[in-house]
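Listed below are the residues making up each chain.
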Amino acid sequence: MTPQDASIASSLDLPSYLLGAVMLLLVMIFHGLVLLQIAKRYEVKSFLYLAEKKYSEVSLSFYISIFCLFLTHIAEIIIWGIALYAFKLVPALGQSILFSGSTYTAMGFMEDILPEGWKMLAVIIAFSGMFAFAWTASVMISMTKNFRQAYTKHHMEKLNISSEVIDRFK
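Below you will find a few notes about this structure. (Residues numbered from 1 in each chain as written. Predicted model: local features only at pLDDT ≥ 70, side-chain atom pairs only at ≥ 80, totals over all residues. Heavy atoms only, no water.)

1. What to know about the packing of aromatic side chains
Applying the stated criterion across every chain, the model contains seven aromatic pairs. Relative to Tyr63, the ring of Phe62 has its centre 5.5 Å away and its plane inclined at 75 degrees; by these criteria the two rings are edge-to-face. Classification of Phe62 by relative accessible area gives buried; the value is 8%. Seen in terms of ring centroids, Tyr63 and Phe147 are 5.6 Å apart; in terms of plane orientation they differ by 75 degrees. Their pairing is edge-to-face. Highlighted residues: Tyr63 in helix α3 (residues 55-86) and Phe147 in helix α5 (residues 120-158), separated in sequence by 84 residues. Overall, the relative accessible area of 16% leaves Phe147 in the buried class. (Phe/Tyr/Trp six-rings, centres within 6.5 Å; stacked < 30°, edge-to-face > 60°. Buried < 20%, exposed > 50% of the residue type's maximum accessible area, 1.4 Å probe, protein only. Helix = DSSP H or I, 4+ residues; strand = E, 2+ residues; numbered from the N terminus.)

2. A few points about the nonpolar core
If you look at the biggest cluster of nonpolar residues, it comprises 21 residues, and the most contacted ones within it are Trp80, Leu84, Leu89, Leu114 and Leu121. If we ignore the near neighbours within four places in the chain, the residues touching Leu121 are Ser16, Leu19, Gly20, Trp80, Leu84, Leu89 and Leu114. Among the nonpolar cores identified, the runner-up in size contains 13 residues, and Leu35, Tyr55, Leu69 and Val139 belong to it. (Core = buried A, V, L, I, M, F, W, Y, C linked by side-chain atoms within 4.5 Å. Contact = heavy atoms within 4.5 Å.)

3. Digging into the side chain of Glu76
With respect to the helices and strands, Glu76 occurs in helix α3. Those residues within four positions of Glu76 in sequence are excluded, and the remaining contacts are Val27, Phe30, His31, Tyr104 and Ala132.

4. Digging into a nonpolar patch on the surface
A cluster of nonpolar residues, Phe67, Phe70, Leu71, Ile74, Ile78, Ile82, Tyr85 and Leu93, forms a patch on the protein surface that exposes about 700 Å² of accessible area. Take Leu71: it is sitting in helix α3. Overall, the relative accessible area of 40% leaves Leu71 in the partly exposed class. (Patch = residues over 30% accessible without salt bridge, like charges linked within 9 Å, V, L, I, M, F, W, Y side chains within 5 Å. Areas by Shrake-Rupley, 256 points an atom, 1.4 Å probe, with all protein chains shown as cover. Salt bridge = Lys/Arg side-chain N within 4 Å of Asp/Glu carboxyl O.)

5. Considerations on unusual backbone geometry
Unusually for a residue other than glycine, Lys53 sits at a positive phi of about 60 degrees. Inspection of the secondary structure puts Lys53 in the loop between α2 (14-51) and α3. Overall, the relative accessible area of 38% leaves Lys53 in the partly exposed class. We note that Lys88 has phi near 55 degrees; this positive angle belongs to a residue other than glycine.

Below, the structure written as structure tokens:
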């Protein structure tokens, strides 16, 4: 590779595209695997709790699952931060995690601290956050079905509605 080729590659941020694509793929695989585990466990537990008429346990399971989804996003921010630090793109691990969080959430409260030739990586981190948040939102929407059912049945019980009527409610 000639110096001119290296200059073109860095001016187009090609290394950032390569690292960004690999990291985006890894983060999305991680996100998908964890999301499926959380959703699967919630669906099974909430279905069993509904069958046993343990409506408060459905709510507790729902909120614990939501907290686990939150922790998944925190883990992804840390993964991005570790990658930035490992490739020596940001000098301090704490700073790289903070930058990743600022970018991943698309809040942008931090200045772009990436070196020249790596600026496009910030955009890819932001895309990974948008993809992950959208995917999480779709899972949360599907989780609310059992939560809403338990909530409604619980309040039907409080209103002393007969159990025959409550059992018919789906």
